[in-house]
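Chain by chain, the residues run as shown.
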Amino acid sequence: MEFRIGQGYDVHQLARDLPMWLGGLQVPSEFGFVAHSDGDVAIHALCDALLGALALGDIGRHFPDTSDEWKGADSKDLLRRVMEMVRGKGWEVSNVDITIALQQPKINPYVPRMRDVLSSVMDIEKSQVSIKATTTEHLGFTGRGEGCEAMAVALLYRD
């Protein structure tokens with residue numbers, strides 16, 4: 001059996017009166033992400049981890065923010081396309097692990113539904129999707145409420 005591991009990172013600025021999409025869910029908040037697509041940092045980091053595991057570049061290469069085709073795109077659709085690339089190369093997902101750093105709002109109550117959504121989009125078991133929420137204890141741009149960041153790791157395998 002062969003294995004590959006990839007890591008991903010994404011960050012988006014927060015602004016008032018924009019939707020906040022995280023882990024495929026719209027999270028109630030007075031702030032949302034400034035982005036070309038829906039700005040779902042969790043899914044963007046996950047896509048980069050999956051692509052990175054196979055040395056396929058990053059989501060900016062495949063879904064550039066300079067293209068009108070991806071303006072306002074639902075990140076779940078981007079993830080579906082990335083999974084098609086992964087499976088098209090003969091690989092399967094063993095597990096993924098995502099950490100979301102955001103000062104406000106508290107997102108732990110949404111994590112179980114995020115896991116449901118991502119496992120469904122990826123066509124894997126919920127037990128293969130880990131999502132953790134944290135703050136940065138009011139340090140840095142995240143702690144000041146200026147933005148959100150997400151990190152992801154993906155382990156892929158094939159026989």
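What you see is a predicted model, and the numbers here were worked out from it, not measured in a lab.

**Q** A description of the nonpolar core should follow, citing residues and the corresponding values.
**A** Core analysis: the largest hydrophobic core is formed by 48 residues, its most contacted members being Leu22, Leu46, Leu50, Leu79, Ile100, Met114 and Met122. Of all the elements in the fold, those that place two or more residues in this core are β2 (20–22), β3 (25–27), α1 (41–53), α3 (75–88), β5 (92–101), α4 (111–122), β6 (129–134) and β7 (147–158). By residue number, the principal contributor to this core is α1, which donates 10 residues. If we ignore the near neighbours within four places in the chain, the residues touching Met122 are Leu46, Leu50, Leu79, Met83, Arg87, Val93 and Val96.

**Q** If you had to explain a nonpolar patch on the surface to someone new, which residues and values would you point to?
**A** Together, Tyr9, Val11 and Met151 make up a nonpolar patch on the protein surface, roughly 250 Å² of accessible area in all. One can find Met151 in strand β7. Residue classification places Met151 among the partly exposed positions, given a relative accessible area of 33%.

**Q** Go over the pattern of salt bridges, please, and point to the residues and values.
**A** All told, the structure shown has 8 salt bridges when counted by the stated rule. The partner of Glu2 in a salt bridge is Arg158, and the shortest N-O contact between them spans 3.1 Å. Of this pair, Glu2 sits in strand β1 (residues 2–16) while Arg158 sits in strand β7, placing them 156 residues apart in sequence. Residues Asp97 and Lys132 are paired through a salt bridge, measuring 2.5 Å at the closest nitrogen-oxygen approach. Highlighted residues: Asp97 in strand β5 and Lys132 in strand β6, separated in sequence by 35 residues. According to the relative accessible area criterion, Asp97 is partly exposed, its value standing at 29%.

**Q** Pulling in residues and values, what's your account of the packing of aromatic side chains?
**A** Under the definition given, this model contains 1 aromatic pair. Ring geometry for Phe63 versus Trp70: centroids 4.9 Å apart, planes at 80°, classification edge-to-face. Comparing Phe63 with Trp70, the two get one shared label, buried.

**Q** Account for the sheet that holds β1, with residues named and values stated.
**A** With mixed pairing, 5 strands are arranged side by side in an open sheet as β4-β1-β7-β5-β6. For this open sheet the edge positions go to β4 (31–33) and β6, each flanked by a neighbour on one side alone. If you compare each strand with its neighbour and ignore which way they point, the axes differ by 20° on average. Two strands pair when backbone bridges link them, and β1 and β7 are joined in this way by 12 bridges, in the antiparallel orientation. Note on β7: the bridge partner recorded for Gly6 is Ala154. α1 rests against β1, β5 and β7 of the sheet, and its axis sits at about 155° to β1.

**Q** Break down the packing of α1 against α3 for me, citing the residues and quoting the values.
**A** Interhelical geometry of α1 versus α3 gives an angle of 10° and a closest axis separation of 10 Å. Accordingly, the angle class assigned to the pair α1 and α3 is roughly parallel. Where α1 abuts α3, its residues Ile43, His44, Leu46, Cys47, Leu50 and Leu51 lie against Ser75, Lys76, Leu78, Leu79, Val82, Met83, Met85 and Val86. Class assignment for the residues of the contact of α1 with α3 results in 11 nonpolar, 2 polar and 1 charged.

Conventions used here
- Each chain has its residues counted from 1, following the order in which its sequence is written.
- For a predicted model such as this one, the threshold for reporting local features is a pLDDT of at least 70, and the threshold for listing and counting side-chain atom pairs is 80 or more; totals across whole chains, interfaces and linings nevertheless cover every residue.
- Heavy atoms from the whole structure form the basis of all side-chain values; hydrogens and water molecules are not counted.
- Take the buried residues of types Ala, Val, Leu, Ile, Met, Phe, Trp, Tyr and Cys, join any two whose side-chain atoms come within 4.5 Å, and each joined set is a nonpolar core.
- Throughout this description, buried means an accessible area under 20% of the type-specific maximum (1.4 Å probe, protein chains only), exposed means over 50%, and partly exposed covers the range between.
- Only DSSP runs of H or I reaching four residues or more are called helices, and only runs of E reaching two or more are called strands; each is numbered from the N terminus.
- Here, residues are in contact when the closest pair of their heavy atoms is within 4.5 Å.
- Only residues above 30% relative accessible area that lack a salt bridge enter a patch, with like-charged residues linked at up to 9 Å and the nonpolar side chains Val, Leu, Ile, Met, Phe, Trp and Tyr linked at up to 5 Å.
- Working definition of accessibility: Shrake-Rupley area with a 1.4 Å probe, residue cover restricted to the visible protein chains.
- Basic side-chain nitrogens of Lys or Arg form a salt bridge, by our definition, when they fall within 4 Å of a carboxyl oxygen of Asp or Glu.
- Two rings from Phe, Tyr or Trp (for Trp, the six-membered ring) form a pair when their centres are within 6.5 Å of each other. A pair whose planes differ by under 30 degrees is stacked, one over 60 is edge-to-face, and the rest are tilted.
- Between any two strands, at least two bridges found by DSSP are needed for them to pair.
- The axes used here are C-alpha line fits, helices contributing only the stretch in contact, and every angle between their N-to-C directions lies in the interval 0 to 180 degrees.
- Each angle receives one of four descriptions, namely roughly parallel if under 35 degrees, roughly antiparallel if over 145, roughly perpendicular if within 65 to 115, and oblique otherwise.
- Residues were grouped as follows: Ala, Val, Leu, Ile, Met, Phe, Trp, Tyr, Cys and Pro as nonpolar; Asp, Glu, Lys and Arg as charged; and all remaining residues, including Gly, as polar.

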